Amino acid sequence: MSERQILVKAHGLTKTYRMGHVETTVLRDVSLELRAGELTLLMGPSGSGKTTLLCILSGMLRPTRGEVELCGVAITSLAEKFAAEVRRGNLGFIFQTYNLFPALTALDNVAEVLALKGMPQAAARQVAREALMRVGLDDRLHHRPGELSGGERQRVAIARAMAGNPALVLGDEPTAALDRQTGLDVVRLLRDQVNERRGVLLVTHDIRLAQFADRVIEIDDGQIVGDGAAHGWVGHDGKVLA
Amino acid sequence: MYYVVDLVDQRCAPDLVTWMKRQPDLQLLAASAWSRKTVDYWVGGSGAGAALLFTAILGLFVGGVIVGQTLYSMTKEHLLELATLKALGARPWELARFVLWLVVFLAATGVISGFSAALLLKGLLLRVGLTVVVSPETVGLSVLGTLAMCLVASITSLVTVYKVEAATVLR
């Protein structure tokens, strides 16, 4: 496992928010590495710092202290526009509420993101079509998000995240808005996307997803309190996850 | 002071012209000079031109406020989508493009509806004997003025788009 490519290397991440004279530290000296070939779950209670960590790892938020290397680029020291370049080239995102563009068809939702990467329109539509077919949406290409079920929308989001062939896919509670079976189907689909050149990091509350994961990182009160193999994982509170 | 317009060709009435030129209280003007003097009077001297200018500026100002508000609310409505694009790595100009399309759309809507109303009014006035001249210069200036007004009105929206935080999509 250790020979696989390191996608993210974070060291000493601390994030403190200031509101007037009041300081709130939401991350405390967090260090971690994420590698290709792993599906990692980032778990923890609400307010534990999971989302803040995701924002910092993706270069959307600057830490108060600490460094993040994303695919070999020190992203924390970059200006926003350069951080966006790194995101565009290396990351795919899956959101809890899908965040699809409601006016666009499934095909255009995926193609639009490929166009952001500079792909010509015809090629983008072809790649988008193939990505949607891979997630089983051959017959939904020209449907708008409002005409799709929750599971189908999330599969469009997965196709959108994967179409650009990113090294790392970040998911923020991707199953939270789905029913149990659809949620498991979605994570199974994500599991299939992991390969020797790609990793997936999912923020979740759902311990059932551990059956599809290689690794679980548990965070509480802004600190990593557990990090290990998903199989037989015993949580910080003594609960066996899988 | 009185003005006399030479409705008769000067060559046909040289004596009359000579006589008129001798009169101390008469000023003899050619048609073009009279026209210019009339325009100067109505546009500059009477205050009618200033009133028209004031109305046009007020129209631009009120239009600017309305367009600004419309653009801003449309931008706010799509902020999550814009933040998503930013999270996915969109460049600032790619986000600004959204606002600029709205600017073009609103300007086109304004110009088309404005000119439709103006042409309708022109037709109605013609029936009562009033001719309204809409020159190509007037059309061009109106289109450019409307576009410029919409662009100025879009500044707040452009700033909002530029400052949208990608991280909001994960909160």
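Keep in mind the model is a prediction, meaning the values are calculated, not measured. (Residues numbered from 1 in each chain as written. Chains lettered and ligands numbered in written order. Predicted model: local features only at pLDDT ≥ 70, side-chain atom pairs only at ≥ 80, totals over all residues. Heavy atoms only, no water.)

Residue and element names in this part refer to chain B. Volume-wise, the largest pocket comes out at about 1,100 Å³. Together, 32 residues line the largest pocket, and Ala56, Phe115, Ala118, Thr138 and Ser142 are the ones closest to its centre. Broken down by element, the lining of the largest pocket gets its largest block of residues, 11 residues, from helix α5 (residues 92-127). (1 Å grid on protein atoms, 1.4 Å probe; cavity = no way out; pocket = protein on both sides within 12 Å on 5 of 7 lines; lining within 4 Å. Points joined across faces, edges and corners; volume = space filled by probe spheres on them. Helix = DSSP H or I, 4+ residues; strand = E, 2+ residues; numbered from the N terminus.)

All right, on to the interface of chain B and chain A then. Listed as interface residues are 17 residues of chain B and, on the opposing side, 21 residues of chain A. With both chains or domains summed, chain B and chain A bury close to 1,800 Å², and 65% of this area falls on carbon and sulfur atoms. Connecting chain B to chain A are zero salt bridges. Viewed at the interface, chain A and chain B are joined by five residue pairs in polar contact (both at pLDDT 80 or more). Mapped onto the side of chain B that touches chain A, the elements with two or more residues apiece are α4 (79-87) and α5 of chain B. It is α4 of chain B that provides the largest number of residues to the side of chain B that touches chain A, a total of six residues. For the side of chain B that touches chain A, the residue count by class is nine nonpolar, two polar and six charged. (Contact = heavy atoms within 4.5 Å. Buried area = accessible area lost by both parts, 1.4 Å probe. Salt bridge = Lys/Arg side-chain N within 4 Å of Asp/Glu carboxyl O. Polar contact = N/O pair within 3.5 Å; in protein donor to acceptor, adjacent residues only side chain to side chain. Nonpolar A, V, L, I, M, F, W, Y, C, P; charged D, E, K, R; others polar.)

Residue and element names in this part refer to chain B. Among all positions in helix α7 (residues 155-163), only Ser157, Thr160 and Val161 are buried. The buried side chains of α7 occupy one side of the element, clustering within an arc of 95° when seen end-on. Residues Tyr162 and Lys163 are exposed on α7 and point more than 90 degrees away from its buried face. (Buried < 20%, exposed > 50% of the residue type's maximum accessible area, 1.4 Å probe, protein only. Arc of directions from axis to C-beta.)

The subject of this paragraph is unusual backbone geometry. Residue and element names in this part refer to chain A. Of note, the phi angle at Asn99 is positive, near 50°, even though the residue is not glycine. Among the secondary structure elements, Asn99 is positioned in the loop between β6 (91-94) and α3 (106-116). Here Asn99 falls in the buried class, since its relative accessible area comes to 5%. Look at Asp221: it is not a glycine, yet its phi comes out positive at around 50°. By secondary structure assignment, the location of Asp221 is in the loop between β9 (215-220) and β10 (223-229).

Time to look at α5 of chain B. The end-to-end C-alpha distance of α5 of chain B is 53 Å, a good match for the 52 Å that 36 residues give at a rise of 1.5 Å each. The largest bend in α5 of chain B amounts to roughly 25° and is located at Phe98 of chain B. Taken residue by residue, α5 of chain B has Glu94, Leu95, Ala96, Val99, Leu102, Val103, Leu106, Ala107 and Val111 of chain B as its buried positions. Tucked inside the fold, the buried residues of α5 of chain B contact α3 of chain A together with α3 (48-77), α4, α6 (136-153) and α7 of chain B. With its phi angle positive at about 90°, Gly129 of chain B sits one or two positions after the end of α5 of chain B. (Expected span 1.5 Å × (residues − 1). Bend = angle between axes of the 7 residues up to and from the residue.)

This structure, assessed with the given rule, holds two aromatic pairs over all chains. With 5.8 Å between their ring centres and 0° between their planes, Phe93 of chain A and Phe95 of chain A make a pair best called stacked. The pair formed by Phe93 of chain A and Phe95 of chain A is uniform in burial state, with each residue classed as buried. Residues Tyr41 of chain B and Trp42 of chain B carry aromatic rings whose centres are separated by 5.2 Å and whose planes lie at 75° to one another, so their mutual orientation is edge-to-face. Seen from the ring of Phe101 of chain A, Arg160 of chain A lies directly overhead, with NZ or CZ sitting 5.5 Å from the centre. Positioned over the ring face of Tyr162 of chain B is Lys86 of chain B, at 6.0 Å from the centre of the ring. (Phe/Tyr/Trp six-rings, centres within 6.5 Å; stacked < 30°, edge-to-face > 60°. Lys NZ or Arg CZ within 6 Å of the ring centre and 35° of its normal.)

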